[in-house]
Amino acid sequence: MSKRFNRRSRRAVIPLAVVYALVAGAALTGCGRQRDGSVYTVLNSSTDETYHRWDAEAMARCGERLGVTVEQQSVPAAQVMTKALRMASSKSLPDIVQFDASEMPVFAEAGGLTDLRTLGLGTDGVPRGIVNFGSYQGTYYGAARSVNTLALFYNKDLLHQAGLKVPTTWAELRESARKLTRGKRYGLALSAGGAEDGVFQFTPFMWSNGGDETRLDGPRVVEALDFWKGLLKDGSLSKSTVGWTQADVNDQFMAGNAAMMINGPWQVETLNTRKSLHWGLARIPVPRPGAKSVAPLGGAVLTVPDTGDEGRERMAGKIVGCLTSEREQLTYARNSWMVPANEKAAAVWREQVPHLDALADQVAAARSRTARLGAGWPGVSLALQSAFQAALTGQSSQAALQRAQQQATSGNRGTRG
């Protein structure tokens, strides 16, 4: 399975002033080199062989339909932003950049992206949450082919042997995790590492409890982190959870060292290689009965940089439109186990993979991490990462999150979101 989804690499937080300077120069002066009018380039993170091949096949199909050649230039996910900035500084921006949706607002904030609606790309049939996922300050800059989120994976055999139903509330999750913890096996595994993995996994607990990233030390956020601390105190979570990535969590689940885990669909292909493992999928439990389970949207969006060459931008928009068409979304989603962004394609996908139906339900209510803070999200993410490490190794949740709020406020001062 692609390492770009299994291991979310730590990304550098680049000062907005630097982004402004590099991107503005590229937009004002246009392309700095002569380009082949029939060849278009996509910068993406498809370094994994299978993803690179799937993307190459999709680009070949779209290129043939549009009468152009579409080539991809792939770098590790953590390097997409820095690569795009280097290309901007040398006036050689690609025609299309596939950004992680949490990073896209930084480039958009600097004025480096084109409004996709001006290129003829609409959002009919795309859920509001996914439109917001690709938008910044109300402008639609990024089109998603597919999205992912988190869900509760559980070992069917272990729950059955313990006489337990799939937990739906925090109380049930804590009790089930406690009963399923035996010997070297923990009841639950999740990632609380000092990287974006941990933040991604914390947001369902924070948001479902009514917490907000604009006030990290609010009582609802403190309660969510206290819930994690309670699981650790019970012995239901391994102390190693503070260093685990989502890939590590999946390894523990597959090895039988965890009865349940919080993880995403990018693990399905690996899970399916263990035929003796009978797993199920459910929405992430909520604080109280009747509450909505709100998880984060993950994935990437296709954007068209503002290079000043309107003709190439229009064709790039057509390429993005083809790559995000219902047919191409469904093909990509079937390959990657992600959920199509388009509602009609998602409905077909549900019929084809009914055992992942809960994932589509979770996506329908999911939120973009950058919806409220825009380019300010990376600073909040770093602050939360520090808070997890402190709180899960002894500090009170209140103190850890108060410090995180101070850090986030200081780091985002002057940032428009």
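Here we summarise the structure given alongside this text. (Residues numbered from 1 in each chain as written. Predicted model: local features only at pLDDT ≥ 70, side-chain atom pairs only at ≥ 80, totals over all residues. Heavy atoms only, no water.)

1. Some remarks on the overall build of the protein
For clarity, the threshold we go by: What counts as a helix is a DSSP run of H or I of at least four residues, what counts as a strand is a run of E of at least two, and both are numbered from the N terminus. Type-normalised accessible area, obtained with a 1.4 Å probe on protein chains alone, sets the label of each residue: buried when under 20%, exposed when over 50%, and partly exposed for intermediate values. Note on contacts: a residue pair is in contact if any heavy atoms of the two residues lie within 4.5 Å. The Shrake-Rupley method, run with a 1.4 Å probe sphere, supplies the accessible areas, and residue values consider only the shown protein chains as cover.
Counting secondary structure elements, the protein contains 18 helices and 12 strands. Across the 417 residues that make up the protein, the buried fraction comes to 58%. Residue pairs at least 24 apart in sequence account for 77% of intrachain contacts in the protein once pairs closer than 6 positions are excluded. With the model as given, the accessible surface of the protein reaches about 16,400 Å², and the carbon-plus-sulfur share is 48%.

2. Description of the sheet that holds strand 1 (residues 39-44)
What links the strands of a sheet is backbone hydrogen bonding, and the strands pair in either a parallel or an antiparallel sense. Formally: Note on pairing: DSSP must find at least two bridges between two strands before they are called paired. Lines are fitted to the C-alpha atoms to define the axes, a helix being fitted only along its stretch in contact, and any angle between axes, read from their N-to-C directions, falls within 0 to 180 degrees.
Overall, mixed pairing links the four strands, which are arranged 2-1-3-11 in an open sheet. Strand pairing shows two members of the sheet lacking a second neighbour, strand 2 (69-74) and strand 11 (300-303), which therefore form its edges. The sheet shows a mean angle of 20° between the axes of neighbouring strands, taken without regard to direction. Where strand 1 meets strand 2, six bridges bridge the pair, whose relative direction is parallel. Bridge assignment links Val 42 to a residue of strand 2, and that residue is Gln 72. Along the sheet, helix 3 (residues 49-66) makes contact with strand 1 and strand 2, crossing strand 2 at roughly 160°.

3. A short note on helix 4 (residues 80-89)
Within helix 4, seven of the 10 residues are buried, leaving the element largely enclosed by the surrounding structure. Along helix 4, the positions that sit buried rather than exposed are Val 80, Met 81, Lys 83, Ala 84, Leu 85, Met 87 and Ala 88. Lys 91 occupies a position one or two residues after helix 4 and carries a positive phi of about 60°.

4. Focus on the environment of Gln 79
Along the chain, the position of Gln 79 falls in the loop between strand 2 and helix 4. Judged by relative accessible area, which is 38%, Gln 79 ranks as partly exposed. Taking the C-alpha atoms as reference, Gln 79 lies 9.6 Å from Asn 44; in sequence the two are 35 residues apart.

5. A closer look at the packing of helix 3 against helix 14 (residues 326-336)
Selection rule: Working definition: roughly parallel below 35 degrees, roughly antiparallel above 145 degrees, roughly perpendicular at 65 to 115 degrees, and oblique for all remaining angles. Each helix crossing is assigned a hand: it is left-handed if the near helix lies turned anticlockwise from the far helix by less than a right angle, otherwise right-handed if that turn is clockwise. In this count, Pro and Cys sit with the nonpolar residues alongside Ala, Val, Leu, Ile, Met, Phe, Trp and Tyr, while Asp, Glu, Lys and Arg are called charged and the others, Gly among them, polar.
Between helix 3 and helix 14, the least distance of the axes is 11 Å, while the angle of their chain directions is 170°. Accordingly, the angle class assigned to the pair helix 3 and helix 14 is roughly antiparallel. Classified by chirality, the crossing of helix 14 by helix 3 is right-handed. Facing Tyr 51, Trp 54, Asp 55, Ala 58, Arg 61, Cys 62 and Arg 65 of helix 3, the residues of helix 14 in contact are Arg 327, Glu 328, Thr 331, Tyr 332, Asn 335 and Ser 336. Residues of the contact of helix 3 with helix 14, tallied by class, amount to five nonpolar, three polar and five charged.

6. Comments concerning the nonpolar core
Our working definition: Among buried residues, those of type Ala, Val, Leu, Ile, Met, Phe, Trp, Tyr and Cys that are joined through side-chain atoms within 4.5 Å constitute a nonpolar core.
With 76 residues, the main nonpolar core has Phe 99, Trp 279 and Trp 349 as its most contacted residues. Ignoring sequence-local partners within four residues, the contact set of Trp 349 consists of Leu 330, Ala 333, Trp 337, Met 338, Val 339, Pro 340, Leu 356, Leu 359 and Ala 360. The next biggest cluster of nonpolar side chains, apart from the first, holds 54 residues, and it includes Ala 177, Ala 192, Val 199 and Leu 225.

7. Remarks on the state of the cysteines
Formally, a disulfide is one covalent bond, and it connects the sulfur atom of one cysteine to the sulfur atom of another. Keep this limit in mind: Count a disulfide wherever a pair of cysteine sulfur atoms falls within 2.5 Å.
Going through the model one piece at a time under the given rule, you end up with one disulfide. Sulfur-sulfur distance for the disulfide between Cys 62 and Cys 322 comes to 2.1 Å. Across the S-S bond linking Cys 62 and Cys 322, the dihedral sits near -85°, which makes this disulfide left-handed. Note that Cys 62 is positioned in helix 3 and Cys 322 in helix 13 (residues 310-323), a separation of 260 residues in sequence. The burial state of Cys 62 is the same as that of Cys 322; both residues are buried.

8. Overview of the side chain of Ser 397
We apply this condition: Counted as a polar contact is a pair of N or O atoms within 3.5 Å, where, for protein atoms, one must be capable of donating a hydrogen and the other of accepting one, and residues adjacent in sequence contribute only when both atoms are in side chains.
By the element assignment, Ser 397 lies in helix 18 (residues 397-411). At 2.7 Å, the side chain of Ser 397 and the side chain of Asp 226 are in polar contact.

9. A closer look at the packing of helix 10 (residues 219-234) against helix 17 (residues 377-391)
Contact geometry of helix 10 with helix 17 gives a least axis separation of 11 Å together with a crossing angle of 40°. When the axis of helix 10 is compared with that of helix 17, the two are oblique. Here the hand of the crossing between helix 10 and helix 17 comes out right-handed. Residues Leu 225, Trp 228 and Lys 229 of helix 10 form the contact with helix 17, whose participating residues are Ala 387, Phe 388 and Ala 391. Tallied by class, the residues present in the contact of helix 10 with helix 17 amount to five nonpolar, no polar and one charged.

10. A closer look at the pattern of salt bridges
Keep this limit in mind: Definition used for salt bridges: Asp or Glu carboxyl oxygen within 4 Å of a side-chain nitrogen of Lys or Arg.
Inspection of the entire model under this criterion finds 17 salt bridges. Measuring nitrogen to oxygen at the nearest pair gives 2.9 Å for the salt bridge that ties Arg 145 to Asp 55. One end of the pair, Arg 145, is in the loop between strand 5 (139-140) and strand 6 (146-147); the other, Asp 55, is in helix 3, and 90 residues separate them in sequence. Comparing Arg 145 with Asp 55, the two get one shared label, buried. Through salt bridges that share partners, Arg 174, Glu 175, Arg 178, Lys 179 and Asp 234 make up one connected network.

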